[in-house]
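Geometric and topological summary
Listed below are the residues making up each chain.
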Amino acid sequence: MTLETVKLGQLLPPKANPRKAADVAAIEGLAASIRADGLLQNLVVRRKGRKWEIVSGERRYRAMQLLAGSGDIAADFPVAVEVRKGLNNGDALRLATVENVQREPLNAMDEAEAFAGLMNGGGDIEDIAAKAGMSALTVKRRLALAGLCAEAREMVRSGDLSLAVAEAMTLGTHEQQRGVIARLEEGWHYDAENIRDLLTGEKPSVALAIFDLERYDGTFSTDLFGSEESTFFDDAEQFLRLQAEAVEALAARHRESAAWVEVVQAGHVPWWQYDEAEDDDEAGVVIHFCPSGRVEVREGLAEPTVSEKVAAETAEAPAAPKPKPEYSKPMLRYIAAHKTMAVQAALLANPRKAREIAVVQMLGGYDFSSRIRTDAHSALSLSAEMEEPSASYAAVEAEARHLLTLLVPEVDDEDCAWSRLSRQHGSSVGLYQAVSALSDDDLERLHLLLTVLTFGQNDIDVLDTRESLFNRVAVDLAVDMKTCWRPDTVFLSGRRKDQLADIAAESGGTSRLGSFKDTSKTALVAGLVRHFKRCAELGDDASGDDIKGRDWLPDSMRFPAVKEDAGESAACS
């Protein structure tokens, strides 16, 4: 059994499920629960090709699909799964049946208190999550519940508080939590969002101040009958400054008698980490200074025993509202569209700048969102590995080395310049600055080279006999392989002996090489290599059979290549 996180789109529904009828209302209710509380229990899956087939948890899967369809979660929403290996169909059906019939989950509050005990004993979130069959996030959310006041914990245990509401209440102090409970008992209509807003949107009232009000020289706003709870500081910044000074003074006083003092300036304190100090423990004090200015002091506490890693992972309340972005996604798209079109129109009027951008995109800066660069053609790496690279390869490499030195201060002589250039993935801005400094001629040459490096025969593992773009371009350029290549040891060694005899006859080598009957293939190849080299060196001075040797070209080296017969085809492939 292993725990993994997969994307929602990678999951497949089970082929067999003992639950034949799907309660649409129940699925919608489960979707609402997942929307509010998250996925509280891992799905059990088994590998199915490149995807994962659900063994148990189909209702949760259907609920998440419902949420994805409504846009409440992304299509690639991460789902915690428990992977079971080696399951046959009978095993899968048995597990699904057990889940549907026998599952009796622990009360969330019982889980919370159990997890808190394990953590205080030195436990690790990931380890406990694996053993409990939950995601690490769910364990963190349970731990937050363990810090609720006693009254709230009992209401969670009895089912009088939903998990969503209980998690929202973790954002408040125990005093605030009891206040919320009192309002609920008076019939207040609420949901988790209402409570979250109530606890995080608290105004700085006079009742919160722990400093002498005479130090405040601003104005107040008073509601109703002017009680401390309904009288607010108009200058919130001054209030928070005075409150912070008072908190420091309070901490200093406690340090005189307490073994340790901790001031927490955050919206949430994981109180479950602090136990009451025993008689032989060094008792300390925690002062909670909320962003709203509320101050909560707890004395007589034992120092936490959780690991630094767990303390860091649980410092933030899971239910804390995420900061609202300054702009919505539609507005961001609107802004980006207008700015992009303005720059595109400006580039149309500046061909030089447009070419610079094209080169930067082809170089592939790592932070370029619209990268169009493709890898250099595989023929380059193949040519670089040859014992005697062709003159054509040498020309491309020389041009690449010249241009690379204009962009990079130091170039390793042993490194292929074209390879270094095609993987020059620095910052887009850095590449742009280097490219902008090039002369018009060098910029044009670099643009040309980067275009050339990616172009070639599509599939180098087949004989290209098609009317392809590559072959059409070669014809239009009047590329003559007789001037770029001559039969060498590699090519000739790849032919059968009977084919070598035909090549000798066609290229005028028979008269020079004599009879092949008693000649080994190795000797024949060596003789042909010497023959073709001699004919090439004669050039225009060649005559007779030497002209045949100078001009001989196999049909496989034409554009497009020609298959003479099945034998040659098999040998070329």
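Now for a look at the structure at hand. (Residues numbered from 1 in each chain as written. Predicted model: local features only at pLDDT ≥ 70, side-chain atom pairs only at ≥ 80, totals over all residues. Heavy atoms only, no water.)

Okay, helix H19 (residues 440–453) next. The end-to-end C-alpha separation of H19 is 20 Å, in line with the 20 Å expected for 14 residues at 1.5 Å each. Of all the positions in H19, only Asp442, Leu443, Leu446, Leu449, Leu450 and Leu453 are classed as buried. Around the axis of H19, the buried residues are gathered within 130° of arc, so they sit on the same side. The outward face of H19, more than 90 degrees from its buried face, is lined by the exposed residues Asp440 and Leu448. (Helix = DSSP H or I, 4+ residues; strand = E, 2+ residues; numbered from the N terminus. Expected span 1.5 Å × (residues − 1). Buried < 20%, exposed > 50% of the residue type's maximum accessible area, 1.4 Å probe, protein only. Arc of directions from axis to C-beta.)

What follows covers the sheet that holds strand S2 (residues 11–12). What links the strands of a sheet is backbone hydrogen bonding, and the strands pair in either a parallel or an antiparallel sense. The sheet built from five strands is open, its strands ordered S1-S5-S3-S4-S2 with mixed pairing. The open sheet is flanked by strand S1 (2–7) and S2, the only strands paired with a single partner. Looking at chain direction, S2 and strand S4 (residues 51–56) are connected through two bridges and run parallel. By the bridge assignment, Leu11 is partnered in S4 with Trp52. Packed on one face of the sheet, helix H2 (residues 58–69) meets S2, strand S3 (43–48), S4 and strand S5 (78–83) and runs near 125° to S4. (Pairing = 2+ DSSP bridges. Contact = heavy atoms within 4.5 Å. Axes fitted to C-alpha atoms, helices over the stretch in contact; angles between N-to-C directions.)

The strand order across the open sheet built from three strands is S8-S9-S10, with neighbouring strands paired in mixed fashion. The open sheet has two free edges, formed respectively by strand S8 (260–264) and strand S10 (295–301), since each of these has just one partner strand. The average angle at which neighbouring strand axes cross in this sheet is 15°, direction not considered. Inspection of the sheet shows strand S9 (residues 284–289) paired to S10 by five bridges, in the antiparallel sense. Looking at S10, one finds that His288 is bridged to Glu296. Relative to the sheet, helix H11 (residues 236–255) contacts S8, S9 and S10, its axis offset from that of S9 by approximately 175°.

Applying the stated rule across the entire model yields twelve aromatic pairs. Geometrically, the ring pair formed by Trp271 and Tyr274 is tilted, given 5.8 Å between the ring centres and 55° between the ring planes. For the pair Trp271 and Tyr274, a shared accessibility class is recorded, and that class is buried. Note on Phe470 and Phe559: the rings are 5.9 Å apart at their centroids and 70° apart in plane angle, and the pair reads as edge-to-face. Separated by 89 residues along the polypeptide, Phe470 in helix H20 (residues 469–476) and Phe559 in the loop between helix H26 (545–551) and helix H27 (566–572) bring together distant segments of the chain. Using a relative accessible area of 21% as the deciding quantity, one classes Phe470 as partly exposed. By the ring-pair criterion, three or more aromatic residues cluster together here, those being Phe211, Tyr216, Phe220, Phe233 and Phe239. Above the ring of Trp188, the side-chain terminus of Arg183 is found at 4.5 Å from the ring centroid. Above the face of the Trp271 ring, Arg298 is positioned so that its terminal group lies 3.7 Å from the ring centre. (Phe/Tyr/Trp six-rings, centres within 6.5 Å; stacked < 30°, edge-to-face > 60°. Lys NZ or Arg CZ within 6 Å of the ring centre and 35° of its normal.)

Position of Tyr216 among the secondary structure elements: in the loop between helix H10 (192–200) and strand S6 (220–222). Along the sequence, Tyr216 and Phe233 sit 17 residues apart, while their C-alpha atoms lie 8.9 Å from each other. Those residues in contact with Tyr216 that lie beyond four places of it in its chain are Phe211, Phe233, Asp234, Asp235, Gln238 and Leu242. Side-chain polar atoms of Tyr216 contact the backbone oxygen of Thr219, separated by 2.7 Å. (Polar contact = N/O pair within 3.5 Å; in protein donor to acceptor, adjacent residues only side chain to side chain.)

Our next topic: the pairing of S5. Of all six residues that make up S5, five are buried, and the element is covered over most of its length. In terms of strand pairing, S1 meets S5 through six bridges, oriented antiparallel. If you follow Thr5 over to S5, its bridge partner there is Ala80.

Turning next to empty space enclosed by the protein. Under the definition given, this model contains one cavity of 30 Å³ or more. Computed from the structure, the largest cavity encloses a volume of approximately 80 Å³. If you go around the largest cavity, you meet 14 residues; those closest to its centre are Thr170, Gly172, His268, Val269 and Trp271. When the residues that make up the lining of the largest cavity are grouped by side-chain class, the tally is five nonpolar, eight polar and one charged. (1 Å grid on protein atoms, 1.4 Å probe; cavity = no way out; pocket = protein on both sides within 12 Å on 5 of 7 lines; lining within 4 Å. Points joined across faces, edges and corners; volume = space filled by probe spheres on them. Nonpolar A, V, L, I, M, F, W, Y, C, P; charged D, E, K, R; others polar.)

Attention now moves to a negative patch on the surface. Where like charges cluster on the molecular surface, the negative patch consists of Glu262, Asp275, Glu276, Glu278, Asp279, Asp280, Asp281, Glu282 and Glu303. With respect to the element layout, Asp281 can be found in the loop between S8 and S9. Residue Asp281 is classed as partly exposed on the basis of its relative accessible area of 34%. (Patch = residues over 30% accessible without salt bridge, like charges linked within 9 Å, V, L, I, M, F, W, Y side chains within 5 Å. Areas by Shrake-Rupley, 256 points an atom, 1.4 Å probe, with all protein chains shown as cover. Salt bridge = Lys/Arg side-chain N within 4 Å of Asp/Glu carboxyl O. Lys, Arg positive; Asp, Glu negative; His and termini not counted. Charge placed at Lys NZ, Arg CZ, Asp CG, Glu CD.)

Relative to the assigned elements, Gly364 resides in the loop between helix H14 (351–363) and helix H15 (378–384). Its relative accessible area of 0% is what places Gly364 among the buried residues. Through-space distance from the C-alpha of Gly364 to that of Asp375 is 9.8 Å; in sequence the pair is eleven residues apart.

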